[in-house]
Amino acid sequence: MEEVTYWNKEMETLPREKLEALQLERFRERMQYVYERSPMYRRKYDEAGIKPSDIQSLDDIQNVPFTVKEELRESQSKKPPWGDFPCIPPEEGVRVFQTTGTTGIPVKVLLNKADWYKHFYEQFMHFMYGYGIKTSDILFVPFGYSLYIAWWGFQAALEQAGVMIVPGGAQSSKDRVRNVFDWGATVVCGTPTYLLYLGEAAKEIGRSLADSSVRVVVAAGEPGANVPSTKRAIEALWGAKCYDDIGSTEISNFGFECIAQKGTHVIETMFYPECLDPDTLKPVPDGEVGELVLSNLCTESVPLLRYRMKDLVRFNKEICDCGRTFLRLDGGILGRSDDMFQFAGVNIFPSAIENLIREVAEFSNEYQIVVPKMGSGKHLKIRIEPDTADMAQGRLKKAVDKFVETFKYRITVTPDVEIVEVGALPRFELKAKRLIREE
Ligand SMILES: [Zn+2]
């Protein structure tokens, strides 16, 4: 392992006792803050009969009502455009974003100067030092800048820290590949899907990304960076280390993978994470899968308390090889609780299927999972493209047979595999949508 670098060693290695004391102090302070400033939170807490002063221990936090995305949406549709949950007047905002709306009407988020220049900066400095990025690095950002938060904050913070930024918006994928070489980029970011797709674009212009100067690849927006075979595929393609980056528009940027690559750390000094049983909403023991619930401990504009992320995770509080005491999400985000589906009595994560597909060299990185309607008697269908158009039928058939066998063994369900032409499945620059539920 190369040398570990920290943004704030004292905070990142705080003994758990001290870390928890700090979380309690900050949670109480944030609860008081939202109670005083956010009409939505005041209403919620008054209705629940709970006051910030009632929080005497971390366990007491379990009595605080949850916040869900639907509430934010409702609040904004009643009082457009911002709703009544923000804690700052709109004129204090310097930057606005909206959620991607993959699960409904987008939620608008505004950030004041302190959040954009100080809190986002601090979050991304944890990421940057965690990944071992240095101010001498050159970051290429292959991303179309829009209302979506992806990479805006990462770029702004790294720029503020002194890293050279090469903007990669409004370019074709092939041009982006050319620019990675031309500008000598050493760090590239993207969704796992798009990072893999750039490999296809490179192939088409006769180049190999492994020949570039890129040494660090930062992947966000999908679980991929922590799906073992996807991580391996990205690392092999780029000849670089691939690290996970997790955040959301509403809650901001909370998780980074360190160079030990043993799970994704949560910045516990800035967030209070809980892992709860999705049915009972009570804490699950460390090491068990549960739904991630996060509270902002530092931000000012739209701090959210006990926000249900609907992501499934597994906590690991053992001290990491990097020395950080911040807990790790083993395997990163395992999937969305909304995406997990039941088929033939089995709970299936799309990421588990992705892992199997990307282990097969004969398949491209794209796929679709078609879940038939319950009771239709149809099999689960997996659509796959061959890796190359000229692949011999015999070789492809062998690969499919082996894939089906492995699938049956590992997922315990028999799938139908449909082979489609190379390039027939959609490519995604933002969040990929590969799960199709038949009505
Ligand atoms: Zn670590």
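That block above? That's the structure.
Residues numbered from 1 in each chain as written. Predicted model: local features only at pLDDT ≥ 70, side-chain atom pairs only at ≥ 80, totals over all residues. Heavy atoms only, no water.

Notes on the overall build of the protein
- A count of helices and strands for the protein gives eleven helices and 20 strands.
- Expressed as lengths along the three principal axes of its C-alpha atoms, the size of the protein is roughly 70 × 55 × 45 Å.
- A burial count over the protein gives 54% of its 439 residues as buried.
- Counted over contacts in the protein with a minimum sequence separation of 6, partners at least 24 positions apart contribute 69%.
- Of the roughly 18900 Å² that the protein leaves accessible, carbon and sulfur atoms contribute 50%. (Helix = DSSP H or I, 4+ residues; strand = E, 2+ residues; numbered from the N terminus. Buried < 20%, exposed > 50% of the residue type's maximum accessible area, 1.4 Å probe, protein only. Contact = heavy atoms within 4.5 Å. Areas by Shrake-Rupley, 256 points an atom, 1.4 Å probe, with all protein chains shown as cover.)

Examining the sheet that holds strand S19 (residues 415-419)
- Ordered in space as S19-S18-S17-S20, the four strands form an open sheet in which the pairing is mixed. Of all the strands in the sheet, just S19 and strand S20 (435-437) have a single pairing partner and so form its edges. In this sheet, neighbouring strand axes are inclined to one another by 25° on average, regardless of whether the strands run parallel or antiparallel.
- Relative to S20, strand S17 (residues 363-371) runs parallel, the two being bridged by three bridges. Counted as the bridge partner of Ile369 is Leu435 from S20.
- Where helix H11 (residues 393-411) meets the sheet, its contacts fall on S17, strand S18 (380-386) and S19, and the angle it forms with S19 comes to roughly 155°. (Pairing = 2+ DSSP bridges. Axes fitted to C-alpha atoms, helices over the stretch in contact; angles between N-to-C directions.)

Overview of the coordination of the zinc ion
- For the zinc ion, every protein donor is listed as Cys258 (SG), His265 (NE2), Cys320 (SG) and Cys322 (SG), and the spread of their distances is 2.1 to 2.3 Å.
- For the zinc ion, the four donor atoms in the first shell make angles of 105 to 113° at the metal, so the coordination geometry reads as tetrahedral.
- Between consecutive donors of the zinc ion, the numbers of intervening residues give the motif C-x6-H-x54-C-x1-C. Residue His265 is found in strand S9 (residues 264-266), and its partner Cys322 is found in the loop between strand S12 (307-316) and strand S13 (328-329); the two are separated by 57 residues along the sequence. (Donors = N, O, S within 2.8 Å, 3.2 Å for Na, K, Ca; no water. Tetrahedral: all angles 85-135°; square planar, octahedral: opposite > 155°, others 65-115°.)

Some words on the pairing of strand S6 (residues 216-220)
- Counting buried residues along S6, five of its five residues qualify, which places the element largely inside the surrounding structure.
- With four bridges joining them, strand S5 (residues 187-190) and S6 adopt parallel strand pairing. Considered in S6, the bridge of Gly190 is made with Ala219.
- Crossover S5 to S6 through helix H8 (residues 192-204) is right-handed.
- Judged from the five bridges that link them, S6 and strand S7 (residues 241-248) form a sheet pairing that is parallel. Each residue of the ladder has a partner; that of Val216, found in S7, is Lys241.
- As a crossover connection, the stretch from S6 through helix H9 (residues 228-238) into S7 is right-handed. (Right-handed = clockwise from strand over helix to strand, strands pointing away.)

Let's talk about the environment of Ala399
- Tracing the backbone through its elements, the reader meets Ala399 in helix H11.
- For Ala399, a relative accessible area of 9% corresponds to the buried category.
- In this structure, the C-alpha to C-alpha distance between Ala399 and Glu25, residues 374 residues apart in sequence, is 56 Å.
- What Ala399 contacts, discounting residues up to four positions off in sequence, is Val360, Glu362 and Phe363.

Looking at helix H4 (residues 69-78)
- Turning to H4, its buried residues are Leu72, Arg73, Ser75 and Gln76. Burial along H4 is one-sided: seen end-on, the buried residues are contained in an arc of 165°. Exposed and facing more than 90 degrees away from the buried side of H4 are Ser77 and Lys78.
- Those residues of H4 that are buried lie in contact with helix H3 (39-48), strand S2 (108-112) and S12. (Arc of directions from axis to C-beta.)

Focus on unusual backbone geometry
- Residue Pro80 is joined to Pro81 through a cis peptide bond whose omega torsion reads 0°.
- Within the secondary structure layout, Pro81 lies in the loop between H4 and strand S1 (93-98).
- The phi torsion at Gln261 lies on the positive side, around 50°, for a residue other than glycine.
- Within the secondary structure layout, Gln261 lies in the loop between strand S8 (252-257) and S9.

Focus: the packing of H8 against H9
- At a minimum axis separation of 10 Å, H8 and H9 run at an interaxial angle of 40°. H8 and H9 meet at a crossing whose hand is left-handed. Touching Pro192, Leu195, Leu196, Leu198 and Gly199 of H8 are Thr230, Ala233, Ile234, Leu237 and Trp238, all from H9.
- Classifying every residue of the contact of H8 with H9 gives eight nonpolar, two polar and no charged. (Left-handed = near helix turned anticlockwise from the far one by under 90°. Nonpolar A, V, L, I, M, F, W, Y, C, P; charged D, E, K, R; others polar.)

Focus on the pattern of salt bridges
- With the rule as written, the count across this model stands at 30 salt bridges.
- Close ionic contact of Asp321 with Lys262 constitutes a salt bridge, the shortest N to O distance being 2.6 Å. One end of the pair, Asp321, is in the loop between S12 and S13; the other, Lys262, is in the loop between S8 and S9, with 59 residues separating them in the sequence.
- One network of salt bridges, with partners in common, ties together Arg16, Glu20 and Glu268. (Salt bridge = Lys/Arg side-chain N within 4 Å of Asp/Glu carboxyl O.)

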